[in-house]
Amino acid sequence: MKYKPDVQFVHKYSDFGGLISNKDFESPVKFYGKRYKLGFKCFVAARGLAVCPDGVVLACNCFEALNYPADLRLGNINEESLLDIWRGEKRKEFLRSFNVFRAKKPVCQKCKSYRPEYFLYTKRCISEMEGNIKRWNESLTCQKAR
């Protein structure tokens with residue numbers, strides 16, 4: 001508590017790409033609604049990849065990716081380097097698929113984790129990032145002092 005963590009409460013949940021619904025619970029749960037894609041890349045996919053235990057590399061780490069959908073698979077680190085996958089044509093094509101004039105990947109159509117890349121530049125997101133960086137630096141300073 002000495003680092004003043006930002007405590008947040010979850011009031012809505014992901015349905016993991018339609019894998020779960022209210023019929024799976026005894027009490028009703030509020031799920032995120034569909035987020036509309038306006039031709040902007042998803043910042044979840046633009047900022048990194050997900051490497052699965054078997055080496056499969058996915059275009060993003062959203063909840064909808066948990067069941068390894070084929071349209072998110074970019075490669076396998078057992079067959080090529082992570083840097084090659086990151087710079088590869090499959091990833092570029094995936095990011096281009098968010099263009100408003102092209103069909104989206106089926107898994108992205110039902111994704112409720114989508115955030116347009118401009119979300120990174122909102123005051124709320126910048127404030128959260130600044131707070132996280134400050135807390136991480138304080139934590140590292142304390143660890144070095146030990």
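Look up: the structure comes first, before these words.
Calculation rules
- Note on numbering: residues in each chain are counted from 1, in written sequence order.
- Given that the model is predicted, a residue must reach a pLDDT of at least 70 before its local features are reported, and side-chain atom pairs must reach 80 or more before they are shown or counted; all residues, however, enter totals for whole chains, interfaces and linings.
- Excluded from the side-chain calculation are hydrogens and water; included are all heavy atoms of the structure.
- The numbering of helices and of strands both runs from the N terminus, where a helix is a DSSP run of H or I of at least 4 residues and a strand a run of E of at least 2.
- We call two residues contacting when some pair of their heavy atoms lies within 4.5 Å.
- When DSSP finds at least two bridges between two strands, those strands are taken to pair.
- Without a salt bridge and with relative accessible area above 30%, a residue can belong to a patch; like charges are then joined within 9 Å and nonpolar side chains (Val, Leu, Ile, Met, Phe, Trp, Tyr) within 5 Å.
- Only the protein chains shown count as covering a residue, and every accessible area follows the Shrake-Rupley method with a 1.4 Å probe.
- Just to be clear on terms, a salt bridge is a Lys or Arg side-chain nitrogen sitting within 4 Å of an Asp or Glu carboxyl oxygen.
- Relative accessible area decides the class of each residue, using a 1.4 Å probe on protein chains only: under 20% of the type maximum gives buried, over 50% gives exposed, and in between gives partly exposed.
- Side-chain atoms within 4.5 Å link the members of a nonpolar core, which is a set of buried Ala, Val, Leu, Ile, Met, Phe, Trp, Tyr and Cys residues.
- Ring pairs shown here join Phe, Tyr and Trp side chains whose ring centres sit within 6.5 Å, with only the six-membered ring taken for Trp; geometry is labelled stacked below 30 degrees between planes, edge-to-face above 60, and tilted in between.
- For a lysine, the NZ atom is tested; for an arginine, the CZ atom; a charge sits over a ring if that atom is within 6 Å of the ring centre and within 35 degrees of the ring normal.

(A) Structural detail: the environment of Leu-82. The residue Leu-82 is located in helix α2 (residues 82-87) in this model. Sequence-wise, Leu-82 and Gly-55 are 27 residues apart; in three dimensions their C-alpha atoms are separated by 9.9 Å. With residues up to four places along the chain from it excluded, the contact list for Leu-82 reads Leu-49, Val-51, Val-57 and Ile-77.

(B) Just the sheet that holds strand β3 (residues 73-76), in detail. If you trace the 3 strands from one edge of the open sheet to the other, you get β1-β2-β3, paired in antiparallel fashion. Of all strands in the sheet, those with a lone pairing partner are β1 (50-51) and β3, marking the two edges. The sheet contact formed by β1 and strand β2 (residues 56-58) spans 2 bridges and is antiparallel. When the bridges of β2 are listed, Ala-50 appears paired with Leu-58.

(C) The arrangement of a nonpolar patch on the surface in detail. A cluster of nonpolar residues, Val-51, Ile-77 and Leu-82, forms a patch on the protein surface that exposes about 230 Å² of accessible area. Considering the arrangement of structural elements, one finds Ile-77 in the loop between β3 and α2. Using a relative accessible area of 38% as the deciding quantity, one classes Ile-77 as partly exposed.

(D) The arrangement of the pattern of salt bridges in detail. One pass over the full model with this rule turns up 2 salt bridges. A salt bridge links Glu-89 to Arg-96; its shortest N-O distance comes to 2.4 Å. Residue Glu-93 is joined to Arg-96 by a salt bridge in which the shortest nitrogen-to-oxygen separation is 3.3 Å. Taken together, the residues Glu-93 and Arg-96, both in helix α3 (residues 89-96) and 3 residues apart, mark about one turn of the helix. Glu-93 sits in the partly exposed class, given a relative accessible area of 26%. Three or more residues are tied together by salt bridges with common partners; here these are Glu-89, Glu-93 and Arg-96.

(E) Fine view of the nonpolar core. In terms of nonpolar packing, the biggest core is built from 23 residues, with Leu-58, Leu-72 and Phe-94 touching the most fellow members. Elements supplying a minimum of two residues to this core: α1 (43-47), β2, α3 and α4 (106-109).

(F) Quick look at the side chain of Arg-91. Here Arg-91 lies in helix α3. The exposure class of Arg-91 is buried, given its relative accessible area of 9%. If we skip the residues at most four places from it in the chain, Arg-91 touches Ala-45, Ala-46, Leu-49, Leu-74, Ile-85 and Trp-86.

(G) Quick look at the packing of aromatic side chains. All told, the structure shown has 0 aromatic pairs when counted by the stated rule. In this structure, Arg-91 packs its charged tip against the face of Trp-86, placed 3.5 Å from the ring centre.

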